Amino acid sequence: MKHPLSPLAILWLSTAPMMAGAQVLDLDEITVLAGQSDTELSRTGASVEVLAQDDIDDAPRDTATALSLLPGITLSQNGGTGATSTLRIRGLGSKYIAVRVDGIDVSDPSSTQTSFNFGGLINSGIGRIEVLKGSQSAIHGSEAVGGVIDISSRRSDKLGFSASVTAEAGSYGTKLGAATLSNVTEDGEVTLNVSRIDTDGFSSRDSDTEADGFNQTDLRLTARHAVTDRLTLGMAGLYSDGTLEFDRSTTDPSGEIEQTRKGARVFAEYAGDVIDHEFSVQSFTNDRLDAGSFFTNRFVGKRDKVDYTGHAVLNSRTDLSFGAEWSGESARLDTARYDTSEAAAFAELQYAASDALDVSLALRQDEHEDFGGRTSGRVALAWRITEDTTLRAVAGTGFRAPSLYELYGPYGNAGLMAETSETYELSLERRFANDGMIKATLFNTAIDNLIDYSFVTSSYDQVPGVTRTHGLELTGRTPLSGAVDLFGSYTLTDTRTPGGGRLARTPKHDLLIGLSGETDWGLRGEISVNHIMDRPDDGFPSQAMPDYTVVHVGTSYAVTDDAELYLRIENLTDETYQTAAGYNQSGRAAYFGVRASF
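The shown structure was predicted, so the numbers you read here are calculated from the model rather than taken from an experiment. (Residues numbered from 1 in each chain as written. Predicted model: local features only at pLDDT ≥ 70, side-chain atom pairs only at ≥ 80, totals over all residues. Heavy atoms only, no water.)

**Q** Go over the overall build of the protein chain with me, naming the residues and quoting the values.
**A** Helices and strands together make up the secondary structure of the protein chain, namely five helices and 31 strands. By the compact-globule yardstick of 25 Å for 598 residues, the protein chain fits well, its C-alpha radius of gyration being 23 Å. Along the first, second and third principal axes, the C-alpha set of the protein chain runs to 60 × 60 × 45 Å. Sorting the 598 residues of the protein chain into buried and exposed places 56% on the buried side. Contacts spanning at least 24 positions in sequence make up 59% of the contacts within the protein chain whose residues lie at least 6 apart. Within the structure as shown, the protein chain displays about 24500 Å² of accessible surface, and the carbon and sulfur contribution to it stands at 57%. In the protein chain, the 50 positive side-chain charges and the 85 negative ones have mean positions that sit 2 Å from each other. (Helix = DSSP H or I, 4+ residues; strand = E, 2+ residues; numbered from the N terminus. Rg over C-alpha atoms; globule rule 2.2 N^0.38 Å. Buried < 20%, exposed > 50% of the residue type's maximum accessible area, 1.4 Å probe, protein only. Contact = heavy atoms within 4.5 Å. Areas by Shrake-Rupley, 256 points an atom, 1.4 Å probe, with all protein chains shown as cover. Lys, Arg positive; Asp, Glu negative; His and termini not counted. Charge placed at Lys NZ, Arg CZ, Asp CG, Glu CD.)

Put into structure tokens, the structure is as follows:
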């Protein structure tokens with residue numbers, strides 16, 4: 001099904017850079033993910049996507065949907081807002097993606113595979129998202145074979161007390177309210193983000209029409225204070241409590257899950273004469289209750305973590321970061337409890353070989369309680385061939401430790417070893433005087449000893465052979481006029497299992513094209529068209545997954561300098577499609593809201 005751009009382009013001729021246009025980055029901007037220390041984007045060899053607060057405000061409400069519009073990222077979802085949602089980076093699913101919220105590791109140790117479910121995460125209260133693609137185990141440890149997603153809560157940059165509020169209502173009986181309260185002084189800051197969403201939803205399965213609702217309350221608190229010129233103390237805390245209705249089967253629509261997440265992190269930073277130090281302690285718990293399940297009813301995953309990082313400037317061209325961490329994980333499945341621990345030491349050398357060439361060498365040694373040691377490494381370089389042209393290259397190794405469920409659950413195998421991986425990446429980026437850009441990235445990841453469920457042994461087992469995912473990402477943006485930009489991206493992802501099959505729910509072709517812009521009288525907006533092609537069969541029994549096209553539109557109008565009205569239409573053309581076989585996706589949905597700051 002094709003959707004011509006021209007009438008919509010005319011309708012939205014006054015549109016502003018939003019989420020999908022966020023590919024043009026300020027190269028002096030700092031990334032906190034690409035290495036052990038903060039690094040300018042122009043000086044890292046890694047592939048990093050950044051969504052700033054304005055991009056997030058104007059994106060689709062569900063964070064997973066917003067992220068899926070970035071190149072190389074796809075989404076499968078078992079229904080609407082709140083339903084189980086799996087992101088894939090270059091074909092590798094959530095079990096290969098490390099997720100941090102304000103520095104807190106929020107992956108769930110009680111999940112089948114240690115991973116984060118994006119289903120309940122909405123954009124309210126989020127100020128910045130960084131996505132680091134490719135194997136990053138040498139920097140971030142296990143679960144970072146596919147990449148890392150770092151989420152930072154909204155903060156204020158204004159001295160004194162400030163507040164912002166958002167109110168939204170729309171399709172499927174959806175109501176959303178959010179507030180950010182901040183107090184910033186010369187010595188520190190404290191910010192509280194609060195949000196509440198209620199939606200009647202729609203049926204998660206295509207076997208009935210009974211609506212499956214979702215409600216959730218989120219709180220996030222961040223603070224930091226400079227005690228002296230050298231010592232800074234800080235903390236982050238998060239809490240969410242929600243209830244999701246779902247269809248337990250094609251004949252039983254009565255499912256309901258209650259989920260509570262809570263976590264905290266405290267840290268101290270000390271600026272020494274030679275070495276800067278950071279020490280932190282964190283704890284996170286994910287508690288899920290499925291009271292009507294015929295199998296396990298209660299899943300409680302817990303993680304405690306302690307880490308230290310030191311940073312030293314060795315000379316004008318060389319920085320050294322080093323440190324160590326310890327983490328302990330536990331999973332309680334009803335009355336059964338399993339636990340494990342892991343310790344690691346790491347180092348990264350960042351060397352400016354010349355004014356145009358930066359090289360990073362990282363090494364990490366992990367010692368796991370159950371399967372022993374694992375060494376990971378990464379080499380990354382950024383070569384600024386000219387002022388406007390940059391070549392980047394990365395080679396790295398990684399690993400994924402088997403989850404507690406895979407090791408000790410009802411279908412567990414205590415003899416499992418870690419999956420190991422190799423990743424190679426090469427990209428070329430060209431920027432133009434008119435603020436346009438184009439970027440091409442080749443990527444290849446090979447995973448050995450992949451862990452999967454075996455129907456032969458009725459347990460988890462290692463898959464002999466190598467699983468591969470490789471492909472190409474293209475990204476571009478160019479101004480069409482002083483008010484309108486054309487942007488787009490295309491990702492080719494080819495996946496192969498040792499048996500010659502494809503990795504589940506990964507499209508081979510992912511094409512996005514759109515227009516964005518703004519006027520000088522306060523109107524801004526965006527339209528994006530996302531076309532997904534060539535997906536493997538899915539479901540039980542297996543069924544073909546057709547191509548589909550989804551159009552998202554959004555606009556906002558600044559009533560005053562401190563207040564704006566906005567309208568967002570998701571799935572404008574009312575496309576009927578599924579990202580997971582048998583599970584519905586939203587039809588055309590409109591949401592109207594107001595944002596104000598004080």
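**Q** Can you tell me about the pattern of salt bridges, naming the residues and giving the values?
**A** By the definition in use, this model includes 42 salt bridges. Here D108 ties to R288 by a salt bridge, and the two come within 3.4 Å at their closest N and O atoms. Placement of D108 in the loop between β7 (104-105) and β8 (126-133) and of R288 in strand β16 (residues 275-289) is noted, with a sequence separation of 180 residues between them. Of the residues examined, D108 reaches a relative accessible area of 4% and is grouped as buried. Residue D366 is joined to R364 by a salt bridge in which the shortest nitrogen-to-oxygen separation is 2.9 Å. R364 shares its class with D366; the two are buried. (Salt bridge = Lys/Arg side-chain N within 4 Å of Asp/Glu carboxyl O.)

**Q** Please set out the side chain of R524 residue by residue, giving values where relevant.
**A** For R524, the location among the structural elements is in strand β28 (residues 523-533). Of the residues examined, R524 reaches a relative accessible area of 16% and is grouped as buried. Polar side-chain contacts of R524 include one of 3.2 Å to the side chain of D58. (Polar contact = N/O pair within 3.5 Å; in protein donor to acceptor, adjacent residues only side chain to side chain.)

**Q** Pulling in residues and values, what's your account of the nonpolar core?
**A** Generally speaking, nonpolar side chains in soluble globular proteins are found buried as a group. Counting 24 residues, the largest nonpolar core has L67, L87, F118, I129 and I149 as the members making the most contacts within it. At the level of secondary structure, the elements contributing two or more residues to this core comprise α3 (63-68), β4 (73-77), β5 (85-89), β6 (97-101), β8 and β9 (147-153). In this structure, A331, L333, Y338 and L416 belong to the second largest nonpolar core, which totals 10 residues. (Core = buried A, V, L, I, M, F, W, Y, C linked by side-chain atoms within 4.5 Å.)

**Q** Could you give an account of the packing of aromatic side chains, naming the residues involved and the relevant values?
**A** Applying the stated criterion across every chain, the model contains nine aromatic pairs. Ring plane angle 85° and centroid distance 5.1 Å describe the contact between Y453 and F455, whose orientation is recorded as edge-to-face. On the basis of relative accessibility, which here comes to 26%, the residue Y453 falls in the partly exposed class. Put simply, the rings of Y405, Y411, Y453, F455 and Y460 pair up and form one aromatic cluster. Of note, R61 hangs over the ring of Y591, and the distance from its end group to the ring centre comes to 4.8 Å. The ring centre of F299 lies 4.4 Å from the NZ or CZ of R288, which sits over that ring. (Phe/Tyr/Trp six-rings, centres within 6.5 Å; stacked < 30°, edge-to-face > 60°. Lys NZ or Arg CZ within 6 Å of the ring centre and 35° of its normal.)

**Q** Which residues make up empty space enclosed by the protein, and what values go with them?
**A** Counted by the stated rule, this structure contains 10 cavities of 30 Å³ or more. The calculated volume of the largest cavity comes to roughly 520 Å³. Taken together, 36 residues form the lining of the largest cavity, with T65, L75, Q77, Y577 and Q585 sitting closest to its centre. Put simply, the parts of the chain that give the lining of the largest cavity at least two residues each are α3, β4, β12 (188-202), β28, β29 (548-560) and β31 (589-597). (1 Å grid on protein atoms, 1.4 Å probe; cavity = no way out; pocket = protein on both sides within 12 Å on 5 of 7 lines; lining within 4 Å. Points joined across faces, edges and corners; volume = space filled by probe spheres on them.)

**Q** Can you lay out the pairing of β16 for me, pointing to particular residues and giving the numbers?
**A** Two faces make up the sheet, and in a regular strand the side chains alternate between them. Here 14 bridges tie strand β15 (residues 255-271) to β16, and the two strands are oriented antiparallel to one another. Counted as the bridge partner of E269 is E278 from β16. Here β15 folds back onto β16 in antiparallel fashion, the turn holding three residues. Pairing geometry for β16 and strand β17 (residues 298-315), over 15 bridges, is antiparallel. Bridging from a neighbouring strand, L289 pairs with R298 of β17. (Pairing = 2+ DSSP bridges.)

**Q** Please give an account of the environment of A345 that cites residues and values.
**A** For A345, the location among the structural elements is in strand β19 (residues 336-352). Residue classification places A345 among the partly exposed positions, given a relative accessible area of 40%. For the pair A345 and T390, spaced 45 residues apart in the sequence, the C-alpha separation amounts to 32 Å. Beyond its immediate chain neighbours, meaning those up to four positions away, A345 contacts G323, A324, L363, R364 and Q365.

**Q** So what about the sheet that holds β9? Which residues, and what values?
**A** Taken in spatial order, the five strands of this open sheet run β3-β8-β9-β6-β7, and their pairing is mixed. On the outer flanks of this sheet lie β3 (47-51) and β7, each paired with one strand and no other.

**Q** Talk me through a nonpolar patch on the surface; I want residue IDs and the actual numbers.
**A** The grouping of W521, Y557, V559, L565, L567, F592 and V594 at the surface amounts to a nonpolar patch, some 630 Å² of accessible area in total. Put simply, the parts of the chain that give the nonpolar patch at least two residues each are β29, β30 (563-570) and β31. Its place among the elements puts L567 in strand β30. (Patch = residues over 30% accessible without salt bridge, like charges linked within 9 Å, V, L, I, M, F, W, Y side chains within 5 Å.)

**Q** Can you break down the side chain of S421 residue by residue, with the values?
**A** Relative to the helices and strands, S421 resides in strand β23 (residues 419-431). Setting aside residues no more than four positions away along its own chain, S421 makes contact with S135, V145, G396, T397, G398, F399, A446 and I447.

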